[in-house]
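Per-entry structural report
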Amino acid sequence: MNFKDKDTGSVKKSRLFLCVAIWWLVVVIGYAIISFKIEKIKNHITQSGVALLHEVTGKISLPLLEHDVTSLRKILQDVEKRSGVSYASILDHKNKIIAYTDPNQLLPVKSDRVSSSDHVSFWEGSSNRRSRVINFSTDIIYAGTRIGKFYLSYSAVWINRIRYGFIIIAISIFIILVLVLTGLYSKGLRSITGALKTRYSSKVPFDLKIFENSNMSCPLCGAEQPFSRERFSDINLDKFLIVKSIQDGSNTVRFRPLKGIGLSEVSNREDLVWLKRQVIFRCTEIIKKLAVE
């Protein structure tokens, strides 16, 4: 067997593994880049939140001590206008809410993973709208005494968008890769199968044991003849008699040659138009059967 497709299966498998490995490598590198970008965003939000809390707590202490709710609300309105702020609230020393920016938002609940920087605690969480946020809290001190607490939430929705976008892109690329490889593999498989059929069908010998002492039936009339390639290649259609007498009427054993009716004469005889049509129709059926594959 002299053809180069015998190792095609292993070659295609190696190409498949190579493509998957490249995709995996790209995903790992992309994930590292995305993780670095997310950490950079978190650090920026953390620095902004800590700086804002230090700025605001100095303004809150005296109005909170005097229980000036109007001034506290005005301060929170200014805080709410800051970019990224999603919620802010002020509590007194009894943990009673004095002022807030969103009546539908509950106080942030501290998680198990709380970090701190410069007397400010911060942690990741989610708001009532299930949006990702980074929460901050710090004590409000006046003359060395704790008089309340300040809570602040910064929106971190971009973190989820970047993370989910990366996941969607990675999965989409993998699906496209699988579809492309499947299409190429199927096309290659069909071409190999076709080549094998053409190669072997043209070289099948007729002297195999399965064909020895066998007869073949004519697809037109059903008559049987010894199986041989020459039965189809040695016939001269110009001299072929389609209608002839097989035996002598007086002697059924002795054969005698008769001119009979040739194949070309059938089209010129009106009494044999039906035979012409039947032959054409039968040949069409045979061609359809043989041309299925």
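What this report covers is the structure whose coordinates are included nearby. Note that this is a predicted model, so its numbers are computed, not measured.

With 36 residues, the main nonpolar core has Ile 60, Leu 64, Val 79, Ile 90, Phe 136, Phe 150 and Leu 152 as its most contacted residues. Elements supplying a minimum of two residues to this core: helix 1 (8-65), helix 2 (69-80), strand 1 (85-92), strand 2 (97-100), strand 4 (120-126), strand 5 (132-142), strand 6 (145-155) and helix 3 (157-201). Element by element, the count of residues in this core is highest for helix 1, at 11 residues. Residues contacting Leu 64, with those up to four places away along its chain left out, are Leu 72, Ile 90, Leu 91, Asp 92, Ile 98, Ile 140, Ile 147 and Gly 148.

Another point: the packing of aromatic side chains. In this description, a pair of aromatic rings is defined by centroid distance and the angle of the planes. For the coordinates displayed, the defined rule picks out five aromatic pairs. On the basis of an interplanar angle of 50° and a centroid distance of 4.7 Å, the ring pair of Trp 23 and Phe 174 is categorised as tilted. Highlighted residues: Trp 23 in helix 1 and Phe 174 in helix 3, separated in sequence by 151 residues. Residue classification places Trp 23 among the buried positions, given a relative accessible area of 18%. The rings of Trp 23, Trp 24 and Phe 174 are connected pair by pair, giving a single aromatic cluster. Taking NZ or CZ as reference, Arg 161 lies 5.2 Å from the ring centre of Trp 158, over its face.

Reading the values: the criteria
- Numbering of residues starts from 1 in each chain and follows the order in which that chain's sequence is written.
- Local features in a predicted model are, by the rule used here, given only for residues with pLDDT of at least 70; side-chain atom pairs are given and counted only at 80 or more, and totals for whole chains, interfaces and linings are based on all residues.
- Water and hydrogen atoms were dropped before computing side-chain values, which therefore reflect all heavy atoms in the structure.
- Put simply, a nonpolar core is a bunch of buried Ala, Val, Leu, Ile, Met, Phe, Trp, Tyr and Cys residues held in one set by side-chain atoms that sit within 4.5 Å of each other.
- Think of it in three bands: with a 1.4 Å probe and only protein chains considered, a residue is buried below 20% of the maximum accessible area for its type, exposed above 50%, and partly exposed in between.
- Runs of H or I in DSSP of at least four residues are treated as helices and runs of E of at least two as strands, each being numbered from the N terminus.
- The criterion used for residue contact is that any of the two residues' heavy atoms lie within 4.5 Å.
- Ring pairs are drawn from Phe, Tyr and Trp, using the six-membered ring of Trp, whenever the two centres fall within 6.5 Å, and their geometry is named by plane angle: stacked under 30 degrees, edge-to-face over 60, tilted for the rest.
- Lysine NZ or arginine CZ positioned within 6 Å of the ring centre and within 35 degrees of the ring normal marks a charge as sitting over the ring.

By themselves, these are just geometric observations and shouldn't be taken as functional.
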